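So you can see what is in the structure, the chains are spelled out below.
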Amino acid sequence: MTDWRPSAKLEALKARASLYQTIHAFFSARQVLQVDTPVLAQHGVTDIHIHSIAVPGYGYLQPSPEYHMKRLLAAGSGAIYQISKAFRDGEAGRRHNPEFTLLEWYRPNFSLQQIIDETTALLQPLLGVPVHQTTFKALFLSQLDVDPLRADTQTLQKIANDIESVPAMNKAALIDWLMACVIEPALPRDRITVVTDFPSWAAALAQKKYDADGEEVAQRFEIYAGGYELANGYFELIDATEQANRFADDIDKRKADSLPTLAADERLIAAMQHGLPACSGVALGVERLLMAQHHWQTISDVIAFPTTIA
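Residues numbered from 1 in each chain as written. Predicted model: local features only at pLDDT ≥ 70, side-chain atom pairs only at ≥ 80, totals over all residues. Heavy atoms only, no water.

Draft legend 1. Layout of the packing of helix α3 (residues 112-127) against helix α9 (residues 286-294). Following both chains from N to C, one finds α3 and α9 inclined at 35 degrees, their axes separated by 9 Å at the closest point. On α9, the residues that touch Leu-123, Leu-126 and Leu-127 of α3 are Leu-289, Ala-292 and Gln-293. Of the residues in the contact of α3 with α9, the class split is five nonpolar, one polar and no charged. (Axes fitted to C-alpha atoms, helices over the stretch in contact; angles between N-to-C directions. Helix = DSSP H or I, 4+ residues; strand = E, 2+ residues; numbered from the N terminus. Contact = heavy atoms within 4.5 Å. Nonpolar A, V, L, I, M, F, W, Y, C, P; charged D, E, K, R; others polar.)

Draft legend 2. Quick look at the side chain of His-68. Among the secondary structure elements, His-68 is positioned in helix α2 (residues 66-74). On the basis of relative accessibility, which here comes to 11%, the residue His-68 falls in the buried class. In contact with His-68, other than residues within four places in its own chain, are Thr-37, Pro-38, Ala-41 and Gln-62. (Buried < 20%, exposed > 50% of the residue type's maximum accessible area, 1.4 Å probe, protein only.)

Draft legend 3. Layout of the environment of Leu-276. Among the secondary structure elements, Leu-276 is positioned in the loop between α8 (266-275) and β12 (279-285). On the basis of relative accessibility, which here comes to 7%, the residue Leu-276 falls in the buried class. Measuring from C-alpha to C-alpha, the distance between Leu-276 and Tyr-210 comes to 23 Å, with 66 residues separating the pair along the chain. Those residues within four positions of Leu-276 in sequence are excluded, and the remaining contacts are Lys-70, Leu-73, Ala-74, Leu-237, Ile-238 and Ala-271.

Draft legend 4. Seen up close, the pairing of strand β8 (residues 192-199). With respect to burial, β8 is a largely interior element, eight of its eight residues being buried. In terms of strand pairing, strand β7 (residues 131-135) meets β8 through five bridges, oriented parallel. Within the sheet, the bridge partner assigned to Gln-133 lies in β8 and is Val-194. Inspection of the sheet shows β8 paired to strand β10 (residues 216-225) by six bridges, in the antiparallel sense. Looking across to β10, one finds that Thr-196 is bridged to Phe-221. (Pairing = 2+ DSSP bridges.)

Right, here's the structure in full:
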């Protein structure tokens, strides 16, 4: 017999509705404008770590509303937010569903620390735990006694192999593996951990800077709580030429890795050429937040109809 029932209980549906009300009240009080952008558009995302879902004849389901929201910013929208459906190919499992929900917002003239403070102001009352802020480098030094920015590939490979037999990887891939498989699982579940100063190669759409030790780092942060990565934010890149160069680098990496080739979004570049204001932005996973808030174990506990039964 075909199972037509939702996977999420009524309790979870009510928790989601309550969270939406909290989010809307939070941004309304701060006079941040709610907006709506397409979930189906002509361009996907060139980032090699994100796999867009193609809709033949129409384009791609959007993995994030970021590009369209930045076009609104360039058109003079001011501070904006939205709760949006997002789609990523190949992301399915206990914590992932190909269709999920993002809360994303942008703040013109906000520094990275200001957007961090605003994000934790939203999260702390919901989770009821303290906030601890640290750097990517400090986490590696405290847990693995290695500086990830200065360590060579051989050293990192040895550290990884001492933990688990892994294939030979380049430096960036090794650091990604150590972060995902060693550092993140060890983060305390009973506090909000804010991690800043990611390696420069992980900048994505963030600006870069030099840290106190003279190492180039990304002006990016991630937030973890309850065993989940909840949010990812940037002091946004606003230089159109640099953005075009990063798109070109992504496309070259996709070719090298035999990934589908995606064209750069020329409308985003045009918007940035017109003038994207200095701003910070953050994307927060709504399902992950519900799981952390209520201690639910799988994403199907908080989505009424995950892909497996949709």
